[in-house]
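# Observations on the model geometry
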Amino acid sequence: MTILLGSIADDYTGASDLANTLTKNGLRTVQTVGIPDPSLPLPDVDAVVVSLKIRSVAAQEAVAAAGTAERWLRGRGAMHVLYKICSTFDSTDQGNIGPVTEALAEAAGGGTVLVTPAFPETGRTVYLGHLFVNGQPLDESPLKDHPLNPMHDANLVRVMASQSRGAIGLIDLPAVAGGPDAVKARLDALRAEGAGAAIADAVFESDLETLGEVALRTPVSIGASGLGLGLARALVRSGRVPSTVNTTADAIRPVGGHAAVIAGSCSSATLRQIAIAEQAMPVLRLDPERLLTAASDEISAALSWAGERMEAGPIVIAASTTPEAVSDLQSRYGREISGRAIEAATSAIAAELVARGVRRLVVAGGETSGATVDMLGIPAFLIGPEIAPGVPMLRTIGNSQGEMLVTLKSGNFGGDDFFATALAMMR
Ligand SMILES: Nc1ncnc2c1ncn2[C@@H]1O[C@H](COP(=O)(O)OP(=O)(O)O)[C@@H](O)[C@H]1O
Ligand SMILES: O=C(O)[C@@H](O)C(=O)COP(=O)(O)O
């Protein structure tokens, strides 16, 4: 398999979001979970998105895992590697966007790396280096209350600089509006000034087309699905992509079996989606504190609740709760401990549901999805049709439990009736 574009995603929902965008924009794409075993039968593709769970881990761990994935992708022919970060720039105070960017740039021989989380289709725009989420500055958006990565500064030049050793520049909207040559000139000027990376403004898809064109002339870039769109369109325009075959066809064959939703995202979008689902299907709200203090009892109770309802139709099991309840739990047990314990419990519930016949599974939340997919041991996914912007339906490849349809929903994505919409498509 020789690929044109490689990507390393810092979480699993982000990987499926990017894989969806690349597919929609003309690249045959597969999503792997980590580096696949050489014996895994992967289809012929133009792009591979390697999913990692490194958004909130220690910076050195993230750097090491991204480096291994980068070498694997380069070994498969990738001339360009996109490090897929969250469109809301989710990161810890130490990174991991800055440290991974510097490591990937060094591995690629230096240069100023182009960075933009803009994804206009989902309301993420960048102007003068400031990130807006559906028109609100990042630090005033619901991301200020994220359980693991609360974002308190919309100025991405400042955020990235605080995570980096080198200086961070800005490619402002007038430069982007000037087209690829103007952006390249600005990037070269920043390089001469010693900037390790540059945040690029982008408000419209046309801005991302310009940035994709320039990024493709460099070995590495950092961004969300918007930059993926720019890179995919630039590759297609370059004539290097072989004739497009419909790769989603294989992904939609029905699998049957029971259907379930597991939610661990506490984003405002997911909280609304759970409330709407309550009007249409059985919803179990887990007791988050018991998931920390009496996990096996709470898990057993959830499984017997599910066992009584699964035959009749889809069920929803959620740990998700309001920002106030999250911060109350965290103040008593710690942020990291609460998050990881709840991820362990929701993924254990998901694994047991699959053992009892669930073959159609929706998971809400990036970290929640990572823990669940790891627990299930799924090695890779084919990319199916889009359910909502940024969220495709996936079909497992090489899954030891048999073929499954899976949806990994970023906490922030999807309309209010997302769960019913997804389950109606996953047959
Ligand atoms: N009730 C809760 N209290 C505290 N943390 C929670 C609760 N429910 C879920 N979490 C944790 O919040 C985090 C949500 O992150 P994630 O799954 O990535 O969602 P998102 O996609 O919204 O970022 C996970 O670590 C999850 O275990
Ligand atoms: O870019 C995005 O917003 C998403 O693809 C993403 O990274 C999802 O992260 P979570 O919100 O943690 O699921």
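Note that the structure is predicted; figures quoted are calculated from it, not measured. (Residues numbered from 1 in each chain as written. Chains lettered and ligands numbered in written order. Predicted model: local features only at pLDDT ≥ 70, side-chain atom pairs only at ≥ 80, totals over all residues. Heavy atoms only, no water.)

## A short note on the domain arrangement of the protein chain
When cut into domains, the protein chain gives domain 1 (5-238) and domain 2 (249-425). Placing a centre on the C-alpha atoms of domain 1 and another on those of domain 2 gives a separation of 26 Å. Listed per partner, the contact involves 33 residues of domain 1 and 36 residues of domain 2. Regarding the contact of domain 1 and domain 2, the summed buried area is about 2700 Å², with carbon and sulfur atoms giving 62% of it. Where domain 1 packs against domain 2, one counts three salt bridges. Here domain 1 and domain 2 share 10 residue pairs in polar contact (both at pLDDT 80 or more) between them. Of all the secondary-structure elements, those providing two or more residues to the side of domain 1 that touches domain 2 are α1 (12-24) and β2 (29-33). Here the side of domain 1 that touches domain 2 takes eight residues from α1, the largest share from any one element. In terms of residue class, the side of domain 1 that touches domain 2 is made up of 14 nonpolar, 11 polar and eight charged. (Domains from an automatic or database assignment. Contact = heavy atoms within 4.5 Å. Buried area = accessible area lost by both parts, 1.4 Å probe. Salt bridge = Lys/Arg side-chain N within 4 Å of Asp/Glu carboxyl O. Polar contact = N/O pair within 3.5 Å; in protein donor to acceptor, adjacent residues only side chain to side chain. Helix = DSSP H or I, 4+ residues; strand = E, 2+ residues; numbered from the N terminus. Nonpolar A, V, L, I, M, F, W, Y, C, P; charged D, E, K, R; others polar.)

## Remarks on the packing of helix α13 (residues 335-355) against helix α14 (residues 366-376)
Between α13 and α14, the least distance of the axes is 8 Å, while the angle of their chain directions is 45°. Comparing the axis directions of α13 and α14 gives the class oblique. Judged by the twist between their axes, the crossing of α13 over α14 is right-handed. Between α13 and α14, the contacting residues are Arg340, Glu343, Ala344, Thr346, Ser347, Ala348, Ala350, Ala351 and Val354 on the first element and Glu367, Thr368, Ala371, Thr372, Met375 and Leu376 on the second. Grouping the constituent residues of the contact of α13 with α14 by class yields eight nonpolar, four polar and three charged. (Axes fitted to C-alpha atoms, helices over the stretch in contact; angles between N-to-C directions. Parallel < 35°, antiparallel > 145°, perpendicular 65-115°, else oblique. Left-handed = near helix turned anticlockwise from the far one by under 90°.)

## Comments concerning the pairing of strand β14 (residues 315-318)
Going residue by residue along β14, you find Ile315 and Ile317 tucked away on one face and Val316 and Ala318 tucked away on the opposite face as well. Pairing geometry for strand β12 (residues 258-263) and β14, over four bridges, is parallel. Bridge pairing in β14 places Val261 opposite Val316. As paired elements, strand β13 (residues 283-285) and β14 share three bridges and run parallel to each other. (Buried < 20%, exposed > 50% of the residue type's maximum accessible area, 1.4 Å probe, protein only. Pairing = 2+ DSSP bridges.)

## Brief notes about the site of ligand 1
Taken together, 20 residues are adjacent to ligand 1, and His146, Ser265, Glu343, Glu367 and Thr368 come closest. Taking Gly339, its main chain carries an N or O atom lying 2.9 Å from an oxygen atom of ligand 1. At 2.6 Å, a side-chain N or O of Thr368 approaches an oxygen atom of ligand 1. Mapped by element, the contributors of at least two residues to the shell around ligand 1 are α12 (323-333), α13 and α14. Looking at the shell around ligand 1 residue by residue, the classes come out as eight nonpolar, 10 polar and two charged. Composition of the shell around ligand 1 by domain shows at least three residues from each of domain 1 (5-238) and domain 2 (249-425). (Near = heavy atom within 4 Å.)

## As for the pattern of salt bridges
With the rule as written, the count across this model stands at 29 salt bridges. Note that Arg356 and Glu352 form a salt bridge whose closest N and O atoms lie 3.1 Å from each other. Relative accessible area serves as the criterion here: at 42%, Arg356 is assigned to the partly exposed category. One continuous salt-bridge network, built from bridges that share partners, spans Lys53, Glu336, Arg340, Glu343 and Glu367.

## A look at the site of ligand 2
In the region of ligand 2, 14 residues are neighbours, and Thr13, Asp17, Arg55, Lys84 and Ser87 sit closest. Within the side chain of Lys84, one N or O atom sits 2.9 Å away from an oxygen atom of ligand 2. Backbone polar atom of Gly366 to an oxygen atom of ligand 2: 3.1 Å apart, as the coordinates give it. For ligand 2, whose free accessible area comes to 350 Å², the fraction covered by protein is 96%. Per element, the largest residue contribution to the shell around ligand 2 is three residues, and it comes from α1. (Areas by Shrake-Rupley, 256 points an atom, 1.4 Å probe, with all protein chains shown as cover.)

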